[in-house]
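Residue-level structural notes
Each chain, letter by letter, is given below.
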Amino acid sequence: MNLTLRIWRQSGPEDKGRMVTYQVDDVSPDMSFLEMLDVLNERLILAGEEPVAFDHDCREGICGMCGLMINGDAHGPQRGTTACQLHMRQFSDGETIDIEPWRARAFPVIKDLVVNRSAFDKIIAAGGYITAPTGSAPEAHSTPVAKANADAAFESAACIGCGACVAACPNGSGMLFTAAKITQLSLLPQGQPERYTRVIGMVDAHDEAGFGGCTNTGECTAVCPKGIPLNTIGRLNRDYLAATAKRGDTPGS
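Here's what I pulled together on the structure shown here. (Residues numbered from 1 in each chain as written. Predicted model: local features only at pLDDT ≥ 70, side-chain atom pairs only at ≥ 80, totals over all residues. Heavy atoms only, no water.)

Regarding the nonpolar core
By size, the foremost hydrophobic cluster in this structure holds 38 residues, and its most contacted members are Trp 102, Phe 107 and Phe 211. Counting only elements with at least two residues in this core, the list comes to α2 (118-125), α4 (164-168), α5 (175-186), α6 (195-208), α7 (219-223) and α8 (231-247). Residues in contact with Phe 107, not counting those within four places in the same chain, are Trp 102, Val 115, Asn 116, Arg 117, Phe 120, Gly 163, Val 166 and Phe 211. Tyr 22, Met 36, Leu 44 and Phe 91 belong to the second largest nonpolar core, which has 29 residues in total. (Core = buried A, V, L, I, M, F, W, Y, C linked by side-chain atoms within 4.5 Å. Buried < 20%, exposed > 50% of the residue type's maximum accessible area, 1.4 Å probe, protein only. Helix = DSSP H or I, 4+ residues; strand = E, 2+ residues; numbered from the N terminus. Contact = heavy atoms within 4.5 Å.)

Given below as structure tokens:
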């Protein structure tokens, strides 16, 4: 395959940035998208040019490091797939492909296609954990958990924190990520002691980090590589309303 790549190049956070065009030939349809970028970078290095910076790690769709807007779609055209697991057979010979970083105020560009996603870390630090003493490990299945709750908690725990939900959202909201991290704990017995302080703390951290508000457009779930459903945000909203009621807040305060 012979491809034309239009890639966002930005030398640093203060650089204005621009789209740069590259030609890449002899691309195997069996290559992953990141392997194709590796081929481009090898050729740039041999030509004495600066390689394209992009995030990657496991390349197995697990770590959440890769994050690219490919022809305007977070992670590319194939649903339920991370950019590292996207293969070039999804594209056509002679195609022009636009490659950009995540676009969100809370994810400032560091260089080229790499963005700073530490805002997610701030949300986790605000309550994405359990501190209540639980004693030694209990026997398996000694604490009954309803299957529906266990399934929903596992579904939310599948979130890899890649940030595609934020990049796809027209508001730049990180509510799907926040909801997933809250839900995976709130549905289990171990998460109950801090359930309501957790949702207040994490939603406040979400807003303080510069993420936009959620208006339920559903773009986040459409691009989520792990299929986190939109009703996860509904669970967060119910917990948040209950938490503010327990705290004695008035609506809109």
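Notes on the side chain of Ser 186
Position of Ser 186 relative to the elements: it lies in helix α5. Given the relative accessible area of 5%, Ser 186 is considered buried. Once you skip the residues sitting within four places of it in the chain, Ser 186 turns out to touch Gln 192, Arg 195 and Asp 239.

Describing the pattern of salt bridges
Scanning the entire structure with this criterion turns up 11 salt bridges. Between Glu 100 and Arg 103 there is a salt bridge, and its shortest N-O distance comes to 3.5 Å. (Salt bridge = Lys/Arg side-chain N within 4 Å of Asp/Glu carboxyl O.)

A word on the pairing of strand β1 (residues 3-9)
Burial analysis of β1 places six of its seven residues in the buried class, which makes it a mostly covered element. By the bridge criterion, seven bridges tie β1 to strand β2 (residues 18-24) in an arrangement that is antiparallel. Across the sheet, residue Leu 5 finds its bridge partner in β2, namely Tyr 22. Of the strand pairs in this sheet, β1 and strand β5 (residues 96-100) are connected by four bridges, and their pairing is parallel. (Pairing = 2+ DSSP bridges.)

Re the packing of aromatic side chains
Aromatic ring pairs: the centre-centre distance and the angle between the two ring planes describe each pair. Overall, the coordinates contain five aromatic pairs when judged by the stated rule. With 3.7 Å between their ring centres and 10° between their planes, Phe 120 and Phe 177 make a pair best called stacked. With Phe 120 in helix α2 and Phe 177 in helix α5, the pair connects residues that are 57 residues apart, well separated along the chain. In this structure Phe 120 comes out as buried when scored by relative accessible area, which is 4%. Joined through ring pairs, the aromatic side chains of Phe 107, Phe 120, Phe 177 and Phe 211 make up one cluster. (Phe/Tyr/Trp six-rings, centres within 6.5 Å; stacked < 30°, edge-to-face > 60°.)

Comments concerning α5
Along its 12 residues, α5 runs 16 Å from first to last C-alpha, staying within 8% of the 16 Å computed at 1.5 Å per residue. Taking burial as the measure, the 12 residues of α5 include 11 buried ones, the bulk of the element. By the burial criterion, the buried members of α5 are Met 175, Leu 176, Phe 177, Thr 178, Ala 179, Ala 180, Lys 181, Ile 182, Thr 183, Leu 185 and Ser 186. Against α2, α3 (147-157), α4, α6, α7 and α8 lie the buried residues of α5. (Expected span 1.5 Å × (residues − 1).)

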